[in-house]
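Next come the chains, spelled out residue by residue.
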Amino acid sequence: MNTGDRVRVQRDDTTHEGVLLPSAEPDHLVVKLDSGYNVGVERDAADVEVLERDVYDVESDAEEGAASEVEFDDDLPTIALISTGGTIASTVDYRTGAVTAQFDAEDVLRAVPDLAGRANYRGRVVANILSENMEPPIWQELAAAVRKEIENGADGVVVMHGTDTMQYSASALSFILDTPVPVVFTGSQRSADRPSSDNVMNAVCSVEAAKADAAEVMVCMHASESDDKCALHRGTRVRKNHTSRRDAFETVGAEPLGYVDYDAASEEASRDPSGVEFRKEHAERGETDLDSSPDLDSDVELVKFTPGMDDAFFDLCEGKSGVIVEGTGLGHVHTDFIDRIEELVEDGTTVVMTSQCLDGRVCDRVYDTGRDLLDAGVVEGEDMLPGTAKVKLMWALANTESVAETMRTPLAGEITERSVPWE
């Protein structure tokens, strides 16, 4: 059997029928059902019957690291499209009958014809993985690919990424890269063959943002459940706050950098950005020289404190380069854990305190527990999101001498300005 065949898969008392898709895991079959959903089945545990061969053609067999481009128009800006996998890059296009294994530039234009005439496109595949399988070495490969595209003249970069860990990858590139052009992450909550898919609007709005003037790492996703506009979130302040809604992503502790009006962007494709409005201060295109600091110390853990937890979790952190603690409220853990945390610090582990609260700043100077944590050597994480703090600590350990000071210093918008009304 081959990808594109229509198959019937039997496992135990369950039968699935649909189109066989490419699978990132050789021991699993992936079948797209007639409902539009994908189902994965262990290959060894399933009986497979081929109902019809070669129903769909596999249109893209691009390998990881491969690049492609379409015909260029000198009057248009150049946007690099970089794929890492995810829902936006795994579909059956029932309009054309194509099964897409990976997205290169031609695949993107075939799947999203609305992109035509907006820019010249170059495509590059860095990875073809589920976003939960994303790892720091792939962040480094992705940052290197983005830098290469900018060096080769890209006026903006769009990174197509699975939504589940997009916020981590966007944070990583925010610290690794100094970019003179926009770098825009996007994806889709629902695949292209579903009527409620968000892939076309997200892709169009992302390209328009990549043509605009905010030279920052951003995430571009639906701003509401309607197909009206996309929000542009700073890569270090964004969080996926819903499992399945199209407007799952939100800027925490602030407003988004801006928005892209989809109606305005859809009126007519042009070389200039359409429908893009920025509402907050941002780095301007061209004001920063391209540079990168790609080293990461991935020996960092994120530990969430909960009432009644076993302090053995901190034993597992022994010898780690760094630990982010997601504490309660202003940044607290059980007082019985403070001595164990102090031992970690004395052994050379950088321990940074963040909060489980979705908004607000850590302040360990208010209560006795917090002051004891500071005396133990814990670094306050200000109002950084815990996931962002983990990524930043990986970067700070590998690139700076004063890690504690770096963690308290805003570098890429990850820490918002402190508001102290009594000063």
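Please read these numbers as outputs of a predicted model, since none were measured by experiment. (Residues numbered from 1 in each chain as written. Predicted model: local features only at pLDDT ≥ 70, side-chain atom pairs only at ≥ 80, totals over all residues. Heavy atoms only, no water.)

1. Some words on the overall build of the protein chain
1) Next: Summing up its helical and strand segments, the protein chain has ten helices and 25 strands in all.
2) Next: Across the 423 residues of the protein chain, 53% fall into the buried class.
3) Next: The long-range share in the protein chain, meaning contacts at least 24 apart out of those at least 6 apart in sequence, stands at 70%.
4) Next: Element-wise, carbon and sulfur atoms account for 42% of the exposed surface of the protein chain, whose accessible area totals about 18600 Å². (Helix = DSSP H or I, 4+ residues; strand = E, 2+ residues; numbered from the N terminus. Buried < 20%, exposed > 50% of the residue type's maximum accessible area, 1.4 Å probe, protein only. Contact = heavy atoms within 4.5 Å. Areas by Shrake-Rupley, 256 points an atom, 1.4 Å probe, with all protein chains shown as cover.)

2. As for the environment of threonine 350
1) Next: Relative to the elements of secondary structure, threonine 350 occurs in strand S24 (residues 350-355).
2) Next: The spacing of threonine 350 and alanine 404 is 54 residues in sequence and 7.6 Å in space, taken between C-alpha atoms.
3) Next: Aside from chain neighbours lying at most four places away, what touches threonine 350 is Ser321, Gly322, Val323, Leu393, Leu397 and Val403.

3. Notes on the packing of helix H3 (residues 166-176) against helix H9 (residues 386-399)
1) Next: The geometry of H3 relative to H9 is characterised by a closest axis approach of 9 Å and an angle of 35° between their N-to-C directions. Taken as a pair, H3 and H9 cross one another with a handedness that is right-handed. Along the contact surface, H3 presents Tyr168, Ser171, Ala172, Phe175 and Ile176, while H9 presents Gly387, Thr388, Val391, Lys392 and Trp395. (Axes fitted to C-alpha atoms, helices over the stretch in contact; angles between N-to-C directions. Left-handed = near helix turned anticlockwise from the far one by under 90°.)

4. Section: the environment of valine 362
1) Next: Positionally, valine 362 belongs in the loop between S24 and helix H8 (368-375).
2) Next: The class for valine 362 is buried, based on a relative accessible area of 2%.
3) Next: For the pair formed by valine 362 and histidine 332, sequence separation is 30 residues and the distance between their alpha carbons is 9.0 Å.
4) Next: Setting aside its immediate chain neighbours within four residues, valine 362 contacts Leu330, Gly331, Met353, Thr354, Ser355, Glu380, Gly381 and Glu382.

5. Some words on the packing of aromatic side chains
The description of an aromatic ring pair uses the distance of the two centres, along with the angle that the planes make with each other.
1) Next: Scanning the entire structure with this criterion turns up three aromatic pairs.
2) Next: With a centroid separation of 5.9 Å and 80° between ring planes, the pair formed by phenylalanine 305 and phenylalanine 337 is classed as edge-to-face. Linking phenylalanine 305 in the loop between strand S22 (300-304) and helix H6 (312-315) with phenylalanine 337 in the loop between strand S23 (322-327) and helix H7 (338-346), this pair joins segments that are 32 residues apart in sequence.
3) Next: Given a relative accessible area of 8%, phenylalanine 305 falls into the buried group.
4) Next: Note that lysine 229 overlies the ring of tyrosine 259, its terminal NZ or CZ placed 4.3 Å from the centroid. (Phe/Tyr/Trp six-rings, centres within 6.5 Å; stacked < 30°, edge-to-face > 60°. Lys NZ or Arg CZ within 6 Å of the ring centre and 35° of its normal.)

6. Considerations on the nonpolar core
1) Next: Formed by 48 residues in total, the largest nonpolar core has its most connected members in Val146, Leu173 and Phe185.
2) Next: Those elements that provide at least two residues to this core are strand S8 (78-83), helix H2 (136-151), strand S12 (156-160), H3, strand S14 (183-186), strand S15 (217-222), H9 and helix H10 (403-407).
3) Next: If one sorts the elements of this core by residue count, H2 sits on top with seven residues.
4) Next: If we ignore the near neighbours within four places in the chain, the residues touching valine 146 are Ile82, Val157, Val159, Leu173, Leu177 and Val183.
5) Next: With 25 residues, the next largest nonpolar core counts Ala119, Val204, Cys205 and Val260 among its residues. (Core = buried A, V, L, I, M, F, W, Y, C linked by side-chain atoms within 4.5 Å.)

7. Observations regarding the pattern of salt bridges
1) Next: If you walk through the whole model with that rule in mind, you get 31 salt bridges.
2) Next: Salt-bridge contacts for arginine 6 lead to glutamate 17; the nearest nitrogen and oxygen are separated by 3.7 Å. In this pair, arginine 6 is assigned in strand S1 (residues 6-11) and glutamate 17 in strand S2 (residues 14-21), connecting sequence segments eleven residues apart.
3) Next: Given the relative accessible area of 18%, arginine 6 is considered buried.
4) Next: Its relative accessible area of 31% is what places glutamate 17 among the partly exposed residues. (Salt bridge = Lys/Arg side-chain N within 4 Å of Asp/Glu carboxyl O.)

8. Some remarks on the sheet that holds strand S25 (residues 379-380)
1) Next: Ordered by their spatial adjacency, four strands build an open sheet running S22-S23-S24-S25, and the pairing between neighbours is parallel. Since the sheet does not close on itself, it has two edges, and those belong to S22 and S25, each with one partner.
2) Next: In this structure, S22 lies alongside S23, joined through five bridges in parallel fashion. Pairing of glutamate 301 across the sheet is with valine 323, part of S23.
3) Next: Most of the contacts of H9 go to S23, to which it runs at about 160°, and overall it touches S22, S23 and S24. (Pairing = 2+ DSSP bridges.)

9. Quick word on the layout of surface pockets
1) Next: Roughly 340 Å³ of volume is contained in the second largest pocket.
2) Next: Looking at the lining of the second largest pocket, the elements with two or more residues in it are H3 and strand S13 (177-178).
3) Next: When the residues that make up the lining of the second largest pocket are grouped by side-chain class, the tally is eight nonpolar, four polar and four charged. (1 Å grid on protein atoms, 1.4 Å probe; cavity = no way out; pocket = protein on both sides within 12 Å on 5 of 7 lines; lining within 4 Å. Points joined across faces, edges and corners; volume = space filled by probe spheres on them. Nonpolar A, V, L, I, M, F, W, Y, C, P; charged D, E, K, R; others polar.)

10. With respect to H2
1) Next: The end-to-end C-alpha distance of H2 is 23 Å, a good match for the 22 Å that 16 residues give at a rise of 1.5 Å each.
2) Next: Inspection of H2 places Pro136, Ile138, Trp139, Leu142, Ala143, Ala145, Val146, Glu149 and Ile150 among the buried residues, and these make up the whole buried set.
3) Next: Glycine 153 occupies a position one or two residues after H2 and carries a positive phi of about 105°. (Expected span 1.5 Å × (residues − 1).)

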